[in-house]
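# Fold and contact review
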Amino acid sequence: MASLAAAEPPGRRAASRSPALGPSRSGGERRRNSPDTAKDALLRSVDLNHVITLLKGSGSKDLEEQLKTLKKVVKHFENGLPLKNVAQITEILNLCAEKINEQEAFTEPLCELIKLFGLPFQKKKSSDEVNYSVEVSQSIAQLGYLMRVPSSQVKIQICKSIVSFYNIELPGKLLSGYQPASANYKIHMAEEGGLAEALVLSLALVENQLNEKLWVLKALQHLSTSEMSCRQMVKAQAASRLCLYLNGADPSGQLVFRSSDILWSLLENASKEEVVNQLSSLECVHALKEVFVDLVTRGFRHCDHQLRNDLLVIATLLAKNPPVPMIESGFAKLLIILATFTEVKLPNPLVKGFKLTYSYEDFEMKKLLFNIIAILSKDPSAAQLLSENHVMPALLYYVKLNHQKPGFPGWSAAQYEELQLHAIAVLASVGPVLVDKYLSCQANTLLLVFLEWCIGQDPFFGQGHSFHGTGGRGNKLAQMRYSLRALRSVVALYDDAVSMNLCDQGAISQLLDILKYAADKAKENEGTILLEIQADILFILSVLCENDVHRKELFSCEGIDILIPFFKMDPMKLYSGLGHNCLLLSALDCLWSCVIGCYIAEDSFIEKQGIFLLLDLLALKENCNIILGILVEFSDNPKTTLHMSIWRGKRDQTAANLLIQLWRQEELDLGVRRDQYGRIVDTKRPIVTSFQKLQKVIPVPASCPSFAIMEISESIRAKVYLLFCKLGFENLPGLSAKDFVTLAIIQRYIDFKIGEVWSEICEEIKEEFRPVTSDERALKIISCISENIGETVVALQTEVLKIQHHHKIQEEKEAYKEIQATQTQRELIKISWENFLTQTSNYEALKKAKRLRETSIDASRSKVKNQNVPEHSTDTPKLHRTIRPGRFVTVDSMPCQHGGGPADTEHAPRKSSVCKGAFKKDQKT
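Residues numbered from 1 in each chain as written. Predicted model: local features only at pLDDT ≥ 70, side-chain atom pairs only at ≥ 80, totals over all residues. Heavy atoms only, no water.

## A short note on the overall build of the protein chain
A count of helical and extended segments in the protein chain gives 44 helices and two strands. By residue count, 45% of the 925 residues in the protein chain fall in the buried class. A fraction of 76% describes how many contacts in the protein chain between residues 6 or more apart in sequence connect residues 24 or more apart. As displayed, the protein chain has an accessible area near 50100 Å², and 53% of this comes from carbon and sulfur atoms. (Helix = DSSP H or I, 4+ residues; strand = E, 2+ residues; numbered from the N terminus. Buried < 20%, exposed > 50% of the residue type's maximum accessible area, 1.4 Å probe, protein only. Contact = heavy atoms within 4.5 Å. Areas by Shrake-Rupley, 256 points an atom, 1.4 Å probe, with all protein chains shown as cover.)

Written out as structure tokens, the structure reads:
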């Protein structure tokens, strides 16, 4: 450790002065100075290097001088150690610790010096804390190593000084020119130096010394508030060491209290897995059990009950780790018996003397015990314990109506409701493990009766305070939620006895009523709990009705009407995050299990436009694989194909177009190679995916499916192909040329898949052995056939594209002709308008136009003249207008053929008033 020079060099002092003593004696009487001046003089007069040299000297004649010098040092630093002198003081401590083995007289000075570390450190500059951090951290760590000194007084003083790190009291006076270090400086230095690890290791030195052990635990309690210190303690195996000391004799009870508090801090601030691993030994679990039993049977104080619950939480964490010997130690059996103590009421010597006081601590213990049962139910080896100790009847004790009245002895209404919900939640974990006990205790009957009460009109106001009571304030939704969860967990075993027991009691009809009730409630206020309730009911119904036509017929009576609205769900809800997507999946699963396979149910669903709803869902591109599978199952019904042909989606989309779009998207996701027009690129392996290309040839037994076969179940392409086999590949409306290109691939899907399988067979054969000539020729022919099919499809696709290209060209020509005719018409109109304007401003042009008109009129007249028909003049007398004539003209009457007189105007058709008005207007003009 580095030595720091004293404030004043010894060479400048008088020769007769002792370097370790006070002011000089050569100047006669000592000057009387003020207290501060004296303190400064004393500071300058102490030479710590000389003290170290003095302590290193040997001989009994120096003992008195050494002790006096140490007292001077303690007196000198009674208000705190300067940071620059901490390293030297630590060296003095180590020298004193070595001398204690020979001279016990050094015990008191050593304790006094250690006490100095409990005082605030002094710094002269703000940078001292950083500059001396290494020396200070190492010095504080030395306190932990000084625990090896065989003196109880020294060990206790070390612990007291460490505790004082966290209870800093400023001294009455400070050294002149110094100020205290930061409040957390010592704590930080203790963390850096690894003091916590050293203290944990020192526990072995005080194993049989209760008082010293309690002081070490008290110091560790304070150190365990830091994450870094907790990690150091775990590194020193603190958890296992502390747990083994729990059984030590201690009338005060501090040993258990402080040890459990440190264990809690380790679990919170260090690696929980590492702490649990350290506590996993049989010795630790047994020690924990003995302490717990003692607190349960003999602890009557409030603090005893709290400590009991703290140990129970630690036991819970241990129970979650399967390798922990909870069963071998008997701890698991004890906890199970305590959990069922009040419900079963069977005498047991393990809990003799235990009385439930219904206090808050007992209530917390009850919940913790229920939680441990749920954890133990996940361990198969604990099933026999759960069965033998009547866990199932104890949990079913709470599956009953809430009939408590004010003033009922025991738990309050809120506490009973919380325990009830917790017990039913645990039943969901225990039920699948103890199926026989579940059935023998008539759990299905109790749950169905309880569910009937949940949808009944009986007044009940749930508190909804607890975790399990979420969303159940003022209603019975929490009870319904956990009861259905318990039913679901048991039904999910697909046990015929459970399913038959439920169906014999009319569970299908009752569950449909509950489903309708929950759906109606969801319309008022939709939440996650109601969505979960509906999803659980749909799952239970799916399991009950699967593979049983009679049950499907029972479901179809009311179930289809309840099921249809789930498929009309607003698509935006699927992205709300509340659970609508899970609810839709449950509804699809229920449709598959409860409707398909029963002709009555299928016809009812199709007649209620169910196929249209499924196609609407399919158009959303969500859950495509499931919906396509359902449609494939429905396609055996001839009505399905008709409804699929009739269906029209957005923008008049047809079912065939939708299926082709899904096929293209699937191939894009799978990395199937296609050119820019959608044609086949690799004719040898037209539908192989990128994943299949990366896979090496692995010879497998004939019973194991290859990659080509497994791809069928994982991809939607096989389902799309099957649906087109029902719809047909011709006369499909609403398809573009690109769709027909894709349809050519779909039509030959099964041929391509067969070729793919044969390709795998060839590769596997070549990996194992060389085929004979005939087999090799056969394999080559098969490979050529597959490739020829691919080339045929490519040719067909090319032809389709050519026809489309020609059709587009024809359409462009027609469009161009229309544009050209329109443009010609516009030019003619423009010329006509220009001619008209010319006639209005140019008299010569007007005369020319008139001559042209006359010529045209003459050319249009018949060359054969009729003597009986008069000629009419085409000239308008006194014409002074340059505009064209109006719509009406005046025509002279035809002469009578027999008399030549005027025509009979009475029998001539009269002109309409509109025509007369227009004619008069024309005359005025």
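## Digging into helix α16 (residues 282–298)
The periodicity of an α-helix, 3.6 residues per turn, causes residues three or four places apart in sequence to face the same way. With 17 residues, α16 should reach 24 Å at 1.5 Å per residue; the first-to-last C-alpha distance of 24 Å fits that figure. Taken together, the buried positions of α16 are Cys284, Val285, Ala287, Leu288, Lys289, Val291, Phe292, Leu295, Val296 and Thr297. (Expected span 1.5 Å × (residues − 1).)

## Regarding the side chain of Thr654
Relative to the assigned elements, Thr654 resides in the loop between α35 (638–646) and α36 (655–670). Separated by 3.3 Å, the side chain of Thr654 and the backbone nitrogen of Asn657 make a polar contact. When sequence neighbours within four positions are dropped, the list of residues in contact with Thr654 reads Trp647, Arg648, Pro733 and Gly734. (Polar contact = N/O pair within 3.5 Å; in protein donor to acceptor, adjacent residues only side chain to side chain.)

## As for the packing of helix α31 (residues 580–594) against helix α34 (residues 624–634)
Packed helices, taken two at a time, are described by the angle their axes make and the gap between the axes. Between α31 and α34, the least distance of the axes is 11 Å, while the angle of their chain directions is 20 degrees. Our classification of the angle between α31 and α34 gives roughly parallel. Relative to α34, α31 is oriented so that their crossing is left-handed. Across the interface between the two elements, Leu585, Leu588, Leu591 and Trp592 of α31 pack against Ile626, Ile627, Gly629, Ile630, Glu633 and Phe634 of α34. (Axes fitted to C-alpha atoms, helices over the stretch in contact; angles between N-to-C directions. Parallel < 35°, antiparallel > 145°, perpendicular 65-115°, else oblique. Left-handed = near helix turned anticlockwise from the far one by under 90°.)

## A look at helix α17 (residues 302–319)
With 18 residues, α17 extends 26 Å between its outermost C-alpha atoms, agreeing within 8% with the 26 Å of an ideal straight helix rising 1.5 Å per residue. Burial analysis of α17 places 13 of its 18 residues in the buried class, the great majority of the element.

## Side note on a nonpolar patch on the surface
On the surface, a cluster of nonpolar side chains totalling about 310 Å² of accessible area is made up of Ile750, Ile754, Trp758 and Ile761. Summarising the element assignment, Trp758 is placed in helix α41 (residues 749–768). (Patch = residues over 30% accessible without salt bridge, like charges linked within 9 Å, V, L, I, M, F, W, Y side chains within 5 Å. Salt bridge = Lys/Arg side-chain N within 4 Å of Asp/Glu carboxyl O.)

## Regarding the environment of Gln122
Mapped onto the fold, Gln122 is located in strand β1 (residues 122–123). Considering only alpha carbons, one finds Gln122 and Val86, 36 residues apart in sequence, at a separation of 9.9 Å.

## Some details on the packing of aromatic side chains
Applying the stated criterion to the full structure yields 16 aromatic pairs. Members of the aromatic cluster, each reached through a chain of ring pairs, are Trp663, Tyr721, Phe724, Phe729 and Tyr749. A cation over an aromatic ring shows up here: Lys400 above the ring of Tyr397, its NZ or CZ 3.8 Å from the ring centre. A cation sits over an aromatic face here: Lys476 above Trp453, 4.6 Å from the ring centre. (Phe/Tyr/Trp six-rings, centres within 6.5 Å; stacked < 30°, edge-to-face > 60°. Lys NZ or Arg CZ within 6 Å of the ring centre and 35° of its normal.)

## A word on the packing of helix α30 (residues 549–567) against α31
For the pair α30 and α31, interaxial distance at closest approach is 10 Å and the crossing angle is 150 degrees. By the angle class used here, α30 and α31 are roughly antiparallel. The interaxial crossing formed by α30 with α31 has left-handed handedness. The segment α30 lies against α31, with Lys552, Phe555, Leu563, Phe566 and Phe567 engaging Leu583, Leu584, Ala587, Leu588, Cys590, Leu591, Ser593 and Cys594.

## Some words on the pattern of salt bridges
All chains considered together, the criterion is met by 32 salt bridges. Measuring nitrogen to oxygen at the nearest pair gives 3.5 Å for the salt bridge that ties Asp548 to Arg551. Here Asp548 falls in the partly exposed class, since its relative accessible area comes to 23%. Relative accessible area serves as the criterion here: at 15%, Arg551 is assigned to the buried category. Salt bridges here are not isolated pairs; linked through shared partners, they connect Glu667, Arg674, Glu711, Arg717, Lys753 and Glu756.

## Overview of the confidence of the model for the protein chain
Mean pLDDT over the protein chain: 84, with 86% of residues reaching 70 or higher. Per-element confidence in the protein chain ranges from a low mean pLDDT of 37 for helix α44 (residues 913–924) to a high of 95 for helix α29 (residues 528–545). Low pLDDT (under 50) marks residues 1–44, which in the prediction has 44 contacts with non-local residues, meaning those over four places away or in another chain. Across residues 895–925 the pLDDT falls below 50, and counting only partners more than four positions away or on other chains, this stretch makes 16 contacts in the model. (pLDDT = per-residue confidence, 0-100.)

## Describing the side chain of Glu418
If you trace the backbone, Glu418 turns up in helix α23 (residues 413–430). The buried category is assigned to Glu418, whose relative accessible area is 17%. If sequence neighbours within four positions are ignored, Glu418 has contacts with Phe363, Lys367 and Ser466.

## Considerations on the environment of Thr822
Take Thr822: it is sitting in helix α42 (residues 773–841). A polar contact is formed between the side chain of Thr822 and the backbone oxygen of Glu818, at a distance of 2.7 Å.

## Some details on unusual backbone geometry
Located in the positive-phi region is Gln442, a residue other than glycine, with phi close to 55 degrees. Note on placement: Gln442 falls in the loop between α24 (435–440) and α25 (443–454). Judged by its relative accessible area of 53%, Gln442 falls in the exposed class. Phi is positive for Asn623, which is not a glycine, with a value near 55 degrees.

## Comments concerning the state of the cysteines
The full count for this structure, using the stated rule, is zero disulfides. In this structure Cys284 is a free cysteine whose sulfur lies 4.3 Å from that of Cys243, the closest cysteine sulfur available. A relative accessible area of 1% means that Cys284 is categorised as buried. (Disulfide = S-S within 2.5 Å.)

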